[in-house]
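Summary of structural features
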Amino acid sequence: MTTVLAFANQKGGVAKTTSTLNTGVALREQHHRVLAIDLDPQANLTMCQGIDPDTVTRSIFDVLVNRAPIEDIITRCEIDIAPANIDLAGAELALSSAIGRERSLEKALMSVKHHYDYILIDTPPSLGLLTINAFAAADGVIVPVQCEYLSLRGLAQLERTLQMIRENLNPDVYITGILPTMFDARTIHGREAIEILRETFGDRVFDTVVRKTIKFAEAPVQGRSIMAYDPEGDAADTYRKLAKELLNGTSSEHEGRGSFEPLPAYGAHI
Ligand SMILES: Nc1ncnc2c1ncn2[C@@H]1O[C@H](COP(=O)(O)OP(=O)(O)O)[C@@H](O)[C@H]1O
Ligand SMILES: [Mg+2]
């Protein structure tokens, strides 16, 4: 059984890419077979594993638009990566008139699914066709959220988009968990943001909270995950803890609750 998880939030800079890579490597440490797919034209995930997108001749663009087999582009790094390059910026337009445009990724994954226990998809900061392809292919969505009040406000829009996806493309896709990121325990604001998240989303907020540390900016410079860059550090342990939460069945727990409701009325805050 393969679990496909999309890391999504239409806001940029909330640690989608960082979380996709490091969750993937943490799952790999636990001996799971992991593929991470770069679905962002900015190709940050690709770069985070030391691949120069300018040297990538065949990318996820060719898979989505030209139906190239995804096996042909997968690159072995700390985990397997399906890289992107700037071509992907033209994918939404190229796909816009194609029949089944929302299901290109889902179809492409069929031939490799059995090779992997986890397929993690890094999405761009929008709810456009690329992110919709990720939602159509996914069993669940992980939503990294920066621990700031203004960052919480986009979640209602994300949930509405997911509701539309459930009605039209993928009835089983729900938020697996909300991951608070860039938490600064020294500020009241950060602590309040977590409180609001937990009040509003209850047990859909992961127990794991990712603290702010410069290490996350340093690791990609070396093209490495935080697990490779600072294996003994707290930052690496945080993503190991998240991987354990996933393995302990947060997602299957949600799936098991068949009638797991989309968010009820939002708290006054969001
Ligand atoms: N917990 C964290 N603490 C400090 N900086 C972080 C943290 N997580 C990510 N970053 C940094 O913040 C920036 C944005 O993160 P990124 O994962 O690229 O976000 P997104 O993919 O949502 O745009 C990057 O420079 C990254 O290194
Ligand atoms: Mg990103």
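Report on the accompanying structure. (Residues numbered from 1 in each chain as written. Chains lettered and ligands numbered in written order. Predicted model: local features only at pLDDT ≥ 70, side-chain atom pairs only at ≥ 80, totals over all residues. Heavy atoms only, no water.)

A few words now on helix α8 (residues 155-168). Compared with the 20 Å implied by 1.5 Å per residue over 14 residues, the 20 Å span of α8 between its first and last C-alpha is a close match. Inspection of α8 places Leu155, Ala156, Leu158, Glu159, Thr161, Leu162, Ile165 and Arg166 among the buried residues, and these make up the whole buried set. Those residues of α8 that are buried lie in contact with α6 (129-137), β6 (140-146), α7 (149-152), β7 (174-181) and α9 (188-201). (Helix = DSSP H or I, 4+ residues; strand = E, 2+ residues; numbered from the N terminus. Expected span 1.5 Å × (residues − 1). Buried < 20%, exposed > 50% of the residue type's maximum accessible area, 1.4 Å probe, protein only. Contact = heavy atoms within 4.5 Å.)

A separate point is the site of ligand 1. As a structural note, the neighbourhood of ligand 1 is formed by 14 residues, with Gly13, Lys16, Thr17, Thr18 and Arg211 the closest of them. Between ligand 1 and Thr18, the relevant distance is 2.5 Å, taken from an oxygen atom to a side-chain nitrogen or oxygen of the residue. Separating a nitrogen atom of ligand 1 from a backbone N or O atom of Arg211 is a distance of 2.9 Å. The fraction of the free accessible surface of ligand 1 (560 Å²) that becomes covered by protein chains is 78%. For the shell around ligand 1, the secondary structure elements donating two or more residues are α1 (16-29) and α10 (215-221). The biggest single contributor to the shell around ligand 1 is α1, with three residues. (Near = heavy atom within 4 Å. Polar contact = N/O pair within 3.5 Å; in protein donor to acceptor, adjacent residues only side chain to side chain. Areas by Shrake-Rupley, 256 points an atom, 1.4 Å probe, with all protein chains shown as cover.)

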